[in-house]
Amino acid sequence: MTTDVIQKPHEADAVARRGFVLGFSAYFLWGLLPLYMKWVAHLPLMEVVAHRVVWSLPIAGLVLVWLGRTADFKAALRSPRMLGMTALTASIISFNWSIYIWAIATDRAIETALGYYINPLVTVMIGALLLGERLNRVQATAVGLAAVAVAILTYENGALPWVSLALAFSFAAYGYFRKTLPVGPSQGFLLEVMILSVPAGAYIAWLLATGEDHIVHGSWLDTVLLVGCGPITAVPLLMFAFGAKALRLSTIGLMQYIAPTMLFLIAVFVFNEPFGRAQLAAFALIWIALAIYTWSTLREK
């Protein structure tokens, strides 16, 4: 009896450490993702998206079999409501992927980083508007600062920073609807890529039939890069899904800034994208807003 009591804290520590490693690794890999997307920037956008889906399917399937969760998955397949909701989340995340890949390819990585910085604040705003969650003064201030940052960029560019907003709102919407699915993360991800693999597979088949594909008729490097789209998509998503179960929400909240920070640094110092005073002012406001929001969240724990 005493042995069990002694072991429990060690077991809890081991689970927490494993969760931290998995969560940190997922965000770190997402932070490196723009480098990979730059390597495939010469390939057609829809072909890259299609291969992200198709090559994610076997990985997601193998993980589900390894975990022994096939019964839950089969039950989900028999639910029309589940399939309908999954089709919605799959459509939203494929839209998000498409904007992300296009933005990296067209030298708009800074806007992409801004979008993922804004995302937590957009999520809070959606919670207030759709779920009736009340914002305290600190959270309202953070959202207000983000709005000012968007206004600065709109004034500077003469148009809304639509790339940032599209990424932030689509990912927030994905998170919102994904929470309504009464199914585990691994089952949900497999369902999504299964649904998306139907149009993605048909599109790849059409490219192969017309000789316009790059996986067979392209260079060996194109083939490797397209096949690699599966692992770079599925692995971090699954790592995060399993890591998040062992982490506190406050830890996840802090970790979510790793990827956009790496993306921002890569955009400025590797891709050499222009970063003027307006962008500096906007990012400064966003960073202040996130610091305020994070402080408020941690204080409530």
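Chemist: Just to check I follow, could you spell out the packing of aromatic side chains for this structure?
Modeler: The description of an aromatic ring pair rests on the distance of the ring centres and on the angle between the ring planes. Under the definition given, this model contains 19 aromatic pairs. Note on Y27 and W30: the rings are 5.4 Å apart at their centroids and 70 degrees apart in plane angle, and the pair reads as edge-to-face. Taken as a pair, Y27 and W30 lie in helix α1 (residues 2-39) at a separation of 3 residues, close to a single helical turn. Judged by relative accessible area, W30 falls into the partly exposed class, the value being 22%. When the ring of Y36 is compared with that of W39, the centres are 5.9 Å apart and the planes differ by 55 degrees; the resulting orientation is tilted. Residue Y36 and its partner W39 are located together in helix α1, separated by 3 residues, close to a single helical turn. We classify Y36 as buried; its relative accessible area is 13%. Residue W39 is classed as exposed on the basis of its relative accessible area, which comes to 54%. Through a chain of ring-to-ring contacts, three or more aromatic side chains come together here, namely Y117, F264, F275, F283 and W287.

Chemist: Is there a simple way to explain a nonpolar patch on the surface in this structure?
Modeler: Together, F20, V21, F24, F28, L29, L32 and V235 line one region of the surface with nonpolar side chains, adding up to about 560 Å² of accessible area. For the nonpolar patch, the element with the most residues is α1, which contributes 6 residues. Topologically, L29 is positioned in helix α1. L29 sits in the partly exposed class, given a relative accessible area of 35%.

Chemist: So what exactly am I meant to see when it comes to the layout of surface pockets here?
Modeler: Estimated volume of the second largest pocket: approximately 310 Å³. Along the walls of the second largest pocket sit 15 residues, with R108, I110, E111, N157 and Q279 positioned nearest its centre. Contributing elements (two or more residues each) for the lining of the second largest pocket: α6 (109-130), α7 (137-157) and α13 (277-300). When residues in the lining of the second largest pocket are grouped by element, the largest group, 3 residues, is from α6. Taken together, the residues of the lining of the second largest pocket sort by class into 9 nonpolar, 2 polar and 4 charged.

Chemist: Looking at this structure, I do not really get the pattern of salt bridges. What am I missing?
Modeler: Once the charged atoms of two side chains with opposite charge are near each other, the side chains can pair. Taken as a whole and judged by the stated rule, the model has 3 salt bridges. Linking D107 and K38 is a salt bridge whose minimum nitrogen-to-oxygen distance equals 2.6 Å. One end of the pair, D107, is in the loop between α5 (80-105) and α6; the other, K38, is in helix α1, and 69 residues separate them in sequence. Residue classification places D107 among the partly exposed residues on the basis of a relative accessible area of 48%. E192 serves as the salt-bridge partner of R178, at 3.5 Å between the closest nitrogen and oxygen. In this pair, R178 is assigned in helix α8 (residues 162-178) and E192 in helix α9 (residues 185-210), connecting sequence segments 14 residues apart. Using a relative accessible area of 3% as the deciding quantity, one classes E192 as buried.

Chemist: I keep staring at the nonpolar core and nothing clicks. Help me out?
Modeler: If you look at the biggest cluster of nonpolar residues, it comprises 51 residues, and the most contacted ones within it are M37, Y100 and I286. In terms of residue count, α6 provides more of this core than any other element does, 11 residues in total. If sequence neighbours within four positions are ignored, I286 has contacts with L114, Y117, I118, A146 and A149. Formed by 15 residues, the second largest nonpolar core is a distinct cluster that contains A76, L181, L190 and A234.

Chemist: What is the right way to read the environment of C229 from this model?
Modeler: Tracing the backbone shows C229 in helix α10 (residues 220-244). C-alpha of C229 to C-alpha of W55: the two residues are 174 residues apart in sequence and 6.8 Å apart in space. When neighbours within four sequence positions are excluded, C229 is seen to be in contact with Y36, V48, H51 and R52.

Chemist: Please clarify how unusual backbone geometry should be interpreted in this entry.
Modeler: The phi angle of most residues is negative, glycine excepted, and most peptide bonds adopt the trans form. With phi around 60 degrees, D107 is a residue other than glycine that occupies positive phi space. If you check the backbone angles, N272 has positive phi at about 55 degrees while not being a glycine. If you trace the backbone, N272 turns up in the loop between α12 (258-269) and α13. Judged by its relative accessible area of 59%, N272 falls in the exposed class.

Chemist: So what exactly am I meant to see when it comes to the environment of I118 here?
Modeler: For I118, the location among the structural elements is in helix α6. Counting along the chain gives 172 residues from I118 to L290, while the straight-line C-alpha distance between them is 8.3 Å.

Reading guide: rules and limits
- Residues numbered from 1 in each chain as written.
- Predicted model: local features only at pLDDT ≥ 70, side-chain atom pairs only at ≥ 80, totals over all residues.
- Heavy atoms only, no water.
- Phe/Tyr/Trp six-rings, centres within 6.5 Å; stacked < 30°, edge-to-face > 60°.
- Helix = DSSP H or I, 4+ residues; strand = E, 2+ residues; numbered from the N terminus.
- Buried < 20%, exposed > 50% of the residue type's maximum accessible area, 1.4 Å probe, protein only.
- Patch = residues over 30% accessible without salt bridge, like charges linked within 9 Å, V, L, I, M, F, W, Y side chains within 5 Å.
- Areas by Shrake-Rupley, 256 points an atom, 1.4 Å probe, with all protein chains shown as cover.
- Salt bridge = Lys/Arg side-chain N within 4 Å of Asp/Glu carboxyl O.
- 1 Å grid on protein atoms, 1.4 Å probe; cavity = no way out; pocket = protein on both sides within 12 Å on 5 of 7 lines; lining within 4 Å.
- Points joined across faces, edges and corners; volume = space filled by probe spheres on them.
- Nonpolar A, V, L, I, M, F, W, Y, C, P; charged D, E, K, R; others polar.
- Core = buried A, V, L, I, M, F, W, Y, C linked by side-chain atoms within 4.5 Å.
- Contact = heavy atoms within 4.5 Å.

Worth remembering: the numbers are spatial, not functional.
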